Amino acid sequence: MTDAPATPATRHLPPDGRGLAEAAAILREGGLVAFPTETVYGLGADAGNGRAVAGIYAAKGRPSFNPLIVHLPGAEEVDRLAEVPERARDLMAAFWPGPLTLVLPLREGAPLSPLVTAGLPSVALRAPAHPLARALLEAAGRPLAAPSANPSGRVSPTTAGHVLAGLAGRIDAVLDGGACAVGLESTILALGPGGPRLLRAGGLPVETLEAALGERLALDTDPARIVAPGQMASHYAPRGRLRLNARAAEPGEVMLGFGEVAGELTLSASGDLQEAAASLFAALHSLDAMGAERIAVAPVPERGLGRAINDRLRRAAASRGS
Ligand code: TXA
Ligand code: MG
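As a starting point, this report considers the structure included with it. For clarity, every value in this text was computed on a predicted model and none was experimentally measured.

**Quick look at the side chain of Thr 10**
Looking at where Thr 10 falls in the secondary structure, it is placed in the segment before β1 (11–13). Among the polar contacts listed, one links the side chain of Thr 10 to the backbone nitrogen of Gly 169, at a separation of 2.8 Å. For Thr 10, the contacting residues outside a window of four places in its chain are Leu 164, Leu 167, Ala 168, Gly 169, Arg 170, Ile 171, Asp 172, Ala 173 and Val 174.

**Section: the site of ligand 1**
Close to ligand 1 lie 23 residues; Thr 39, His 71, Ser 122, Arg 126 and Ser 186 are nearest. A distance of 2.9 Å separates a nitrogen atom of ligand 1 from a polar side-chain atom of Ser 122. One of the side-chain nitrogen or oxygen atoms of Arg 126 is found 2.9 Å away from an oxygen atom of ligand 1. When ligand 1 sits alone it has 690 Å² of accessible area, and the protein chains cover 94% of it. When residues of the shell around ligand 1 are traced back to their parent elements, those giving at least two are β4 (69–71), β6 (122–126), β10 (195–200) and α8 (223–227). The dominant element in the shell around ligand 1, judged by the number of residues it contributes, is β6, at 4 residues. Looking at the shell around ligand 1, its residues break down into 14 nonpolar, 6 polar and 3 charged.

**A few points about the sheet that holds strand β14 (residues 294–297)**
If you trace the 4 strands from one edge of the open sheet to the other, you get β11-β14-β12-β13, paired in parallel fashion. The sheet is open, and its two borders are formed by β11 (241–243) and β13 (265–266), each paired with just one other strand. Taken together, the 3 bridges between β11 and β14 define a ladder with parallel strand orientation. If you follow Arg 241 over to β14, its bridge partner there is Arg 294.

**Notes on the pattern of salt bridges**
When charged atoms on two side chains of opposite charge get close, those side chains can pair. Following the criterion strictly, the structure yields 15 salt bridges and no others. When the shortest N-O distance is used, the salt bridge between Glu 38 and Arg 126 registers 3.0 Å. Of this pair, Glu 38 sits in the loop between β2 (33–35) and β3 (42–46) while Arg 126 sits in strand β6; the two residues are 88 residues apart in sequence, bridging distant segments of the chain. A single burial state applies to Glu 38 and to Arg 126, both of which are buried. For the salt bridge of Arg 243 with Glu 253, the shortest nitrogen-to-oxygen distance reads 2.8 Å. Linking Arg 243 in strand β11 with Glu 253 in the loop between β11 and β12 (254–257), this pair joins segments that are 10 residues apart in sequence.

Conventions we followed
Residues numbered from 1 in each chain as written. Chains lettered and ligands numbered in written order. Predicted model: local features only at pLDDT ≥ 70, side-chain atom pairs only at ≥ 80, totals over all residues. Heavy atoms only, no water. Helix = DSSP H or I, 4+ residues; strand = E, 2+ residues; numbered from the N terminus. Polar contact = N/O pair within 3.5 Å; in protein donor to acceptor, adjacent residues only side chain to side chain. Contact = heavy atoms within 4.5 Å. Near = heavy atom within 4 Å. Areas by Shrake-Rupley, 256 points an atom, 1.4 Å probe, with all protein chains shown as cover. Nonpolar A, V, L, I, M, F, W, Y, C, P; charged D, E, K, R; others polar. Pairing = 2+ DSSP bridges. Salt bridge = Lys/Arg side-chain N within 4 Å of Asp/Glu carboxyl O. Buried < 20%, exposed > 50% of the residue type's maximum accessible area, 1.4 Å probe, protein only.

Written out as C-alpha cells, the structure reads:
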C-alpha cells in the first residue's frame, strides 16, 4: 500500500541516443522521467496512463490535483486531444515549438487520463522547443504530461542537478540536457468561448502574443483559475451528494469503495493510493453517468496521495452545501 514508491536509484541519463532510448522505454512502461525543456525541467509521464500520472503527484508530494500541461512534438497531434479554434492554429504556427501553452476545450474521447486535466473540460497543450524534449516525445511516441520537476512548493529546476537535489530516489530517471535556456515557465493562454485569457505570464512575452492576437491581454487575476483551476468545485464535483468516510452504504446510496470497504465502484480494491488517484475523476464522472444522487465514499488514508484524494473529495462534498 505504498505510494511514491522510492525507486532505489534515479538514473542519470546522458543526452545521446542511448540515454534517449532508455528514457523513452521507461516512459512507455509507465515510469517517470525528468527531461529538459527550453523553459524548465519537466517531470514526464505517459499522459494516457492514469497510474503513471498519479505517480507524478506522488513524487512531487502534491497535496491536491492540479491540471497538468500535455507536451506534444508539434501541432499535428493537437486535433486528437482538443477542439482547435482557428486562432489557436495561428498561434501554434507562429510560436510552436516554444514557450507558449494553449488551454483549449478537451475533445471528447481524447486518450488522456482524467487526472491530467483534473477532471476539467479543457486541456493545456504545449510543444517544447528543446531538441532533447522533441526527440524524447518522438521516441516515446505518445503525449507526455509534465509539471515542473520539483517537489511541491519548491522552485522549478533548470538543471538536472536541481532535479536530483529534489527528487532523487522518487523518480526513475533524469535526462541531462544541461541548463535550460529560458529558465522561466511557459506563458499560458486559454482560448475558449469567452475569448482569450492570459493565465500565466512566462517565457513568451505578453507583448508578442498581443501583437499576434491584435488585442490587449490582462492577466486573469482570479487566483482559483491561475493557481489551480481544478479547485473550482463546479468543474469536477458530481451532481450527487457525497458522504465521506463511510464504512457502508445507507439505503439509497451508491458506495464508492476503497480497500476493504467494497462498493458498486471502487477507487482501488487493493487499497493502493496510486491506483485510487488514477481512478478518482473517472469514478466521479461514472457516478454522474449512473445518475447517483447520494454517494457514500469509503475512508481514504490521509497520507501520501491520500491527502490529494481527500482534498478533492472534500471539495466535491462541500460544493453540494452538505
Ligand atoms: O514551461 C512550462 O510550462 C513547464 C515545462 C515543464 O513545460 N511546465 C509547467 O507545468 O510549468 P506546471 O504544472 O508547473 O504548471 C502548469 C500550469 C498550472 O498553473 C495549471 O493550473 C495550468 O498550467 N493548467 C493546466 N491545465 C489547465 C487547464 N485545463 N486550464 C487552466 N490552467 C491549466
Ligand atoms: Mg510548477
